[in-house]
Amino acid sequence: MTSQSIAKNLIYHRKSQGYSQEELSKRTNVTLRTIQRIENAEVNPHLNTVKLLAAALDIEVEELLPLQNPKQETIRKKWLLLLHATPMLGMFIPACNVLIPLFLWIHKREDNPIYDMHGRKIINFHITAILLVVLSFVSLITIQKWGFFIFISTIPLCIAIVIFNIIYALQKGKCFYPLSIPFLRSKAIKTVGLLMILAISGSCISQPQQMVERLDGSTIHKDSISAKINLLMNEAKVQGMAVALFNKKQPVYVNVNGYKNFPEKLVLTDSTNIYGASLSKAVFSILVMKLVEDKVIDLDTPLESYLPKKIYEYKALTRWHDDFSDLEADSLYHKITARMCLAHTTGFPNWRFFESDRKLRVNFEPGSQYHYSGEGFVYLQVVLERITGKGLEELAQELIFQPLGMDDSSYQWQPRFAKDFTYGHLKDGSLYEKDIDNEPRSGSTLETTATDYIRFLTAVLNQELLSEVSYNHIFSPQIRIRSLKHFGPDSKTITARYNTINLSCGLGWLNFTTPYGKGVSKGGHGDGFQHYSILFPDVGKGMLIMTNSDNGEGIYKQLLEYALGDTFTPWEWAGYIPYDQEQ
């Protein structure tokens, strides 16, 4: 599918209905800039964005996204056959004419707009058919002569319509179900339709959608997870938290609980702005690899070689993070590459202000050992900004946020976030002052929401934005980690404790081995904000925990084990000491 075809279709439908780009933007909450980029064929929009546009234009999604891939055509016919033909089982098993297409529709509707459209029409027809059969039976009892004719003709008529649509769908890719009541389309009676579906299916299914599958294949009820979250939050005094679980590369459980302002009891929601701390680095790693794919930069070329002059010769444009004047006397920094920055092997400290004299320096041979460094990420950011002529925020919006529909994410505080944001909380529940004065930094300043970051992790699991090769590179070990602890004095103590999981650093993400394939994780830690994400790409599972509390890390171990079955996260190394073990 090409961006040109999407652009032409959007322009045609927008103009045919007399909307300007500004009017369409207001009707959809899709930014004007995004609409302009779509119509200029500069970007392939995310499916959620296309759905918003189609809904505003009152057209089907597939009218914006025509199918053009021959291989996709073959797959489509197979699923169309299943959707249209399986309801025939309803002749032998009651309610299966609705339940089976319903399950297929739920499973396939996100894969291709054609499945969504056909599935809704099929379900609408078969719910209507059940009503017609009931009414025909009533007519048999109450209407003389004609009642019998109506009764014996209803089922054959429905069968004939089904057979016609099986042939029509396979030959033309279209369907026509007369007499259908649009339960799954009309807003006025959508609720009634869904209630009818539940009434029909309630006695036949055990609601498997209420279960979450853990790593070992065991399942747990969503209500149990919610109860565990409430218990842990209360016992550990975590003021607010968002949790998401992933099965089959999709979010299957989301729970946002607690407060964004505990003293005032203001409720946290999935659209509340949350400071992302070092989750920033995970997003930046995808951005960098996109530029690697576009051949803007190479992972193993010394970064300074991309610049026309020495990095320390540039005048700082920010208050401090692009000031590299301290490196003029340094003899090692010129060896640093993008790979070293992403793998935390630059030799830079985490931040320059942790040094006794607050000066930036390289403390060991670049590439030789692991030492977590936000400065390394910022150094790579500044070089990329000078190469591309674009700031970090512009690059992130163009390459990550807009394509994924992360409309509430930014590397810099935006005034619109003020209407709904969460404070960070100290251990006693009091508030940190909200920092809204940060300049964009790749390692630390992400502002996001639970919904947006779930979108990001979903895209990573489904290998969106980048090729499979690039994701494999990001999630491949770059250097082994042999320290006893991540931070503090024990970070210099060598141990074999984590050899069994091959604890390593990939490109921006931690990496370790498990019986279920590699585990890749990224955490975030700031004043009043403690986050953790863990993905198992080989099995399509994972978990996100975002908290606005200095007590947040104290519940990671129990929650990961209970909800996901993750006993592999090296919580001791990371310093995630359980709240009931703290001294």
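Residues numbered from 1 in each chain as written. Predicted model: local features only at pLDDT ≥ 70, side-chain atom pairs only at ≥ 80, totals over all residues. Heavy atoms only, no water.

A. View of the overall build of the protein. Assigned secondary structure in the protein consists of 18 helices and 13 strands. In summary, the protein has a C-alpha radius of gyration of 28 Å against a globular reference of 25 Å for 583 residues, a match within 12%. Here the C-alpha coordinates of the protein stretch approximately 100 × 55 × 45 Å along the principal axes. Looking at the protein as a whole, 52% of its 583 residues qualify as buried. Long-range pairs, those at least 24 residues apart, make up 65% of the contacts in the protein between residues at least 6 apart in sequence. For the protein, the accessible surface area stands at approximately 26800 Å², while carbon and sulfur atoms represent 55% of it. The protein carries 60 positive and 59 negative side-chain charges, and their two centres are separated by 7 Å. (Helix = DSSP H or I, 4+ residues; strand = E, 2+ residues; numbered from the N terminus. Rg over C-alpha atoms; globule rule 2.2 N^0.38 Å. Buried < 20%, exposed > 50% of the residue type's maximum accessible area, 1.4 Å probe, protein only. Contact = heavy atoms within 4.5 Å. Areas by Shrake-Rupley, 256 points an atom, 1.4 Å probe, with all protein chains shown as cover. Lys, Arg positive; Asp, Glu negative; His and termini not counted. Charge placed at Lys NZ, Arg CZ, Asp CG, Glu CD.)

B. Local environment of a nonpolar patch on the surface. On the surface, Phe137, Leu140, Ile141, Ile143, Trp146, Phe148, Phe149, Ile150, Phe151 and Ile152 cluster together to form a nonpolar patch covering roughly 990 Å² of accessible area. When residues of the nonpolar patch are traced back to their parent elements, those giving at least two are α7 (113–142) and α8 (146–172). It is α8 that contributes the most residues to the nonpolar patch, six residues altogether. Within the fold, Phe137 resides in helix α7. (Patch = residues over 30% accessible without salt bridge, like charges linked within 9 Å, V, L, I, M, F, W, Y side chains within 5 Å. Salt bridge = Lys/Arg side-chain N within 4 Å of Asp/Glu carboxyl O.)

C. Seen up close, the side chain of Glu355. Relative to the helices and strands, Glu355 resides in the loop between α12 (338–342) and α13 (374–388). We classify Glu355 as buried; its relative accessible area is 16%. Among all residues touching Glu355, those that are not within four sequence positions of it are Pro349, Arg361 and Asn363.

D. Molecular detail of the packing of helix α11 (residues 279–293) against helix α14 (residues 392–404). Direction vectors running N to C along α11 and α14 enclose 80°, while the axes themselves pass 10 Å from each other. Comparing the axis directions of α11 and α14 gives the class roughly perpendicular. Contact residues: α11 offers Val283, Phe284, Ile286, Leu287, Lys290 and Leu291, while α14 offers Leu392, Leu395, Ala396, Leu399, Ile400 and Phe401. Taken together, the residues of the contact of α11 with α14 sort by class into eleven nonpolar, no polar and one charged. (Axes fitted to C-alpha atoms, helices over the stretch in contact; angles between N-to-C directions. Parallel < 35°, antiparallel > 145°, perpendicular 65-115°, else oblique. Nonpolar A, V, L, I, M, F, W, Y, C, P; charged D, E, K, R; others polar.)

E. Highlighting the environment of Pro515. Here Pro515 lies in the loop between β10 (510–514) and β11 (517–526). Since its relative accessible area comes to 66%, Pro515 is described here as exposed. Sequence-wise, Pro515 and Leu215 are 300 residues apart; in three dimensions their C-alpha atoms are separated by 9.3 Å.

F. Here's a closer look at the sheet that holds β11. Ordered by their spatial adjacency, nine strands build an open sheet running β5-β4-β3-β13-β12-β11-β10-β9-β8, and the pairing between neighbours is antiparallel. In the strand order of this sheet, the two ends are held by β5 (266–267) and β8 (479–480), each with one partner. Across two bridges, the pairing between β8 and strand β9 (residues 504–505) is antiparallel. By the bridge assignment for β9, Arg480 is matched with Ser504. In the packing of α11 onto the sheet, the strands contacted are β11, β12 (529–536) and β13 (541–547), and the crossing angle to β11 comes to about 125°. (Pairing = 2+ DSSP bridges.)

G. Expanded view of the pattern of salt bridges. In this structure the tally under the stated criterion is 16 salt bridges. Here Arg339 ties to Asp300 by a salt bridge, and the two come within 2.6 Å at their closest N and O atoms. Highlighted residues: Arg339 in helix α12 and Asp300 in the loop between α11 and α12, separated in sequence by 39 residues. Overall, Asp300 belongs to the partly exposed group, its relative accessible area being 44%. Among the salt bridges present, the one from Lys390 reaches Glu398, with a minimum N-O distance of 2.8 Å.

H. Quick peek at the nonpolar core. Judged by nonpolar contacts, the single largest core of 70 residues is most densely connected at Phe284, Tyr379, Leu380, Ile400, Tyr453, Phe456 and Trp509. It is α11 that provides the largest number of residues to this core, a total of ten residues. Excluding anything up to four places from it in sequence, Trp509 contacts Ala282, Ser285, Phe456, Leu457, Val460, Ile474, Phe475, Val520, Ser521, Lys522, Ser533 and Leu535. Counting 39 residues, the second largest nonpolar core, distinct from the first, contains Ile220, Val238, Tyr370 and Tyr372. (Core = buried A, V, L, I, M, F, W, Y, C linked by side-chain atoms within 4.5 Å.)

I. Expanded view of the packing of α11 against α13. Two elements in contact, α11 and α13, have axes whose closest approach is 12 Å; the angle formed by their N-to-C orientations is 35°. The handedness of the crossing between α11 and α13 is left-handed. Within the contact between the two elements, α11 uses Lys281, Phe284, Val288 and Leu291 and α13 uses Gly374, Phe377, Leu380, Gln381 and Leu384. Across the contact of α11 with α13, the residue classes break down as six nonpolar, two polar and one charged. (Left-handed = near helix turned anticlockwise from the far one by under 90°.)

J. Focus on the environment of Leu332. Tracing the backbone through its elements, the reader meets Leu332 in the loop between α11 and α12. Residues Leu332 and Gly565 lie 233 residues apart in sequence; the distance between their C-alpha atoms is 44 Å. Look past the residues within four positions of Leu332 in its chain and what remains in contact with it is Val362, Phe364, Glu365 and Pro366.

K. Summary view of the state of the cysteines. Within the structure shown, the criterion is met by zero disulfides. A disulfide-free cysteine, Cys158 has its sulfur positioned 15 Å from the sulfur of Cys175, the nearest such atom. Using a relative accessible area of 12% as the deciding quantity, one classes Cys158 as buried. Cys505 supplies the cysteine sulfur nearest to Cys341, a cysteine that is in no disulfide, at a spacing of 12 Å. (Disulfide = S-S within 2.5 Å.)

L. Region of the structure containing helix α17 (residues 556–564). Those residues of α17 lying buried are Tyr556, Gln558, Leu559, Leu560, Ala563 and Leu564. Looking at the buried positions of α17, the neighbouring elements they touch are β2 (219–221), α10 (222–236), β3 (240–247), β12 and β13.

M. Representation of the pairing of β3 within the structure. Burial of β3 is extensive: eight of the eight residues sit out of reach of the surface. Burial of β3 is two-sided: the residues Gly240, Ala242, Ala244 and Phe246 facing one way and the residues Met241, Val243, Leu245 and Asn247 facing the other way are all buried. Hairpin connection of β3 to strand β4 (residues 250–261): two residues between the antiparallel strands, including Lys248 at a positive phi of 50°. Of the pairings in the sheet, the one linking β3 to β13 comprises six bridges and is antiparallel in character. Its bridge partner lying in β13, Met241 is registered against Thr547.

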